[in-house]
Amino acid sequence: MLRVGILGFGFMGRMHFDNYVRLIEEGAEVELVAICDLRIEELKNSTANGNMATERDVYDLTPYRLYDHVDEMLKQEELDIVDVCLPTYLHADMTCMLLEQGIHVMCEKPMAGSTKEAWRMVEAAERTGKTLMIGQCLRFWPAYEYLKACVEDGRYGSVVAGEFYRGSEPPKGWFLEGEKSGGCITDMHVHDVDMIHWLMGKPQQVSTFAKTVIECSSYDVVSTHYRYEDGNVINAHADWTLHGEHGFYMGYRVNLEQATLVFENNELKVYPEDAAGFTAALSEDSGYYRELKYFIESVAQGTPVTVCTPASAAASLEIIEAEIRSANANGALETLPTKQEVS
């Protein structure tokens, strides 16, 4: 039985909590035993703010042992896994410390505040032999998995063009402190960057236009074109300055040689060149649930993570950093480093 502790109990900590509870109810060989947050006494009786609804407004945490410092949690508990749901700027140090103590780590995205920190995390996982996975949840989101399968098996030919997009109202708290979150370009846009990377590999160059709207934040609106050797026209756009009750959205439109796929309003439409269009049948499970299930099974079976390796997540962050350099240079083409190769 794998013993799990959650580190950080904001929106994402609660989202992961919900899915651990479900996995346990389904018979997974996992036990959620502890929750740690500096503000645990305040948070345990408050609602979470996020771009998706959690299962509960207020959480009953009486069955779990609660801590306000990670050192005390690790002193009192024998944990196999720690799920790191802390602000981005804390990811690298906390993850490396946990790995060094012989604990497997599930770490939320973005992997770290810089690629230097991300590759330090990769090295720590390799050196300790412990499993590290980054929560790039779109790799497990059914509509994006479907697209990946189409690209991999070539059922509709090769990719010709694609656009990926997501947006929301402004987040709250530390997300708006650019030095902690990296702003929309690092925190939100990284989802689509990682998906483009997963689908088509690293681009040769990027050109990014971005804008800072919110005081103290980094870039809040971002639009990037990705240059590949085959000339595919790929774009991704993110914006967390939307107004009123617009709410969160994400989607894509990808044109293959023999079909167009459109994902919007949580529905995936497939339009083949030589057949009637149809709505793809997809699992109703979220990417959060499916990534945690995959991670737990990998740890339990002692098999390596292959869907989202730490090296792959670090390389996605390299693309983000190239985009930031391009945006700082008013959209100038920025060449990606090639020294790291990922799967």
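The structure presented is a predicted model; accordingly, all values stated were derived computationally and were not measured.

1. Observations regarding the overall build of the protein chain
- When helices and strands are counted, the protein chain shows eleven helices and 15 strands.
- Against the globule reference of 20 Å for 343 residues, the protein chain gives a C-alpha radius of gyration of 20 Å, in line with a compact fold.
- If one aligns the C-alpha atoms of the protein chain with their principal axes, the spans along those axes are about 60 × 45 × 45 Å.
- By residue count, 55% of the 343 residues in the protein chain fall in the buried class.
- Sequence-distant contacts in the protein chain: of pairs separated by 6 or more residues, those separated by 24 or more amount to 72%.
- Taking the average place of the 28 positive charges on the side chains of the protein chain and the average place of its 54 negative ones, the gap between the two points comes to 2 Å.

2. A short note on the sheet that holds strand β10 (residues 233–239)
- Taken together, the nine strands give an open sheet; going across it, the order is β14-β13-β12-β11-β7-β10-β9-β8-β15, and neighbouring strands pair in mixed fashion. Strands at the two margins of the open sheet, each flanked by one partner only, are β14 (278–279) and β15 (334–335).
- Taken together, the seven bridges between strand β8 (residues 205–211) and strand β9 (residues 221–227) define a ladder with antiparallel strand orientation. Across the sheet, the residue bridging to threonine 208 is threonine 224, located in β9.
- Relative to strand β11 (residues 249–256), helix α6 (residues 142–153) is tilted by about 15°, and along the sheet it contacts β7 (159–167), β11, β12 (259–264), β13 (267–272) and β14.
- Against the sheet, helix α9 (residues 190–200) contacts β7, β9 and β10, and its axis sits at roughly 160° relative to β7.

3. Looking at the packing of aromatic side chains
- Tallying each qualifying case throughout the model produces twelve aromatic pairs.
- Ring geometry for phenylalanine 9 versus phenylalanine 17: centroids 6.0 Å apart, planes at 75°, classification edge-to-face. Judged on exposure class, the residue phenylalanine 9 and its partner phenylalanine 17 are both buried.
- Centroid distance phenylalanine 17 to tyrosine 64: 5.3 Å. Interplanar angle 75°. Geometry classified as edge-to-face. Here the residue phenylalanine 17 occupies a position in helix α1 (residues 11–25), and tyrosine 64 occupies one in the loop between α2 (40–43) and β3 (65–67), the gap between them amounting to 47 residues.

About the criteria used
- Residues numbered from 1 in each chain as written.
- Predicted model: local features only at pLDDT ≥ 70, side-chain atom pairs only at ≥ 80, totals over all residues.
- Heavy atoms only, no water.
- Helix = DSSP H or I, 4+ residues; strand = E, 2+ residues; numbered from the N terminus.
- Rg over C-alpha atoms; globule rule 2.2 N^0.38 Å.
- Buried < 20%, exposed > 50% of the residue type's maximum accessible area, 1.4 Å probe, protein only.
- Contact = heavy atoms within 4.5 Å.
- Lys, Arg positive; Asp, Glu negative; His and termini not counted.
- Charge placed at Lys NZ, Arg CZ, Asp CG, Glu CD.
- Pairing = 2+ DSSP bridges.
- Axes fitted to C-alpha atoms, helices over the stretch in contact; angles between N-to-C directions.
- Phe/Tyr/Trp six-rings, centres within 6.5 Å; stacked < 30°, edge-to-face > 60°.

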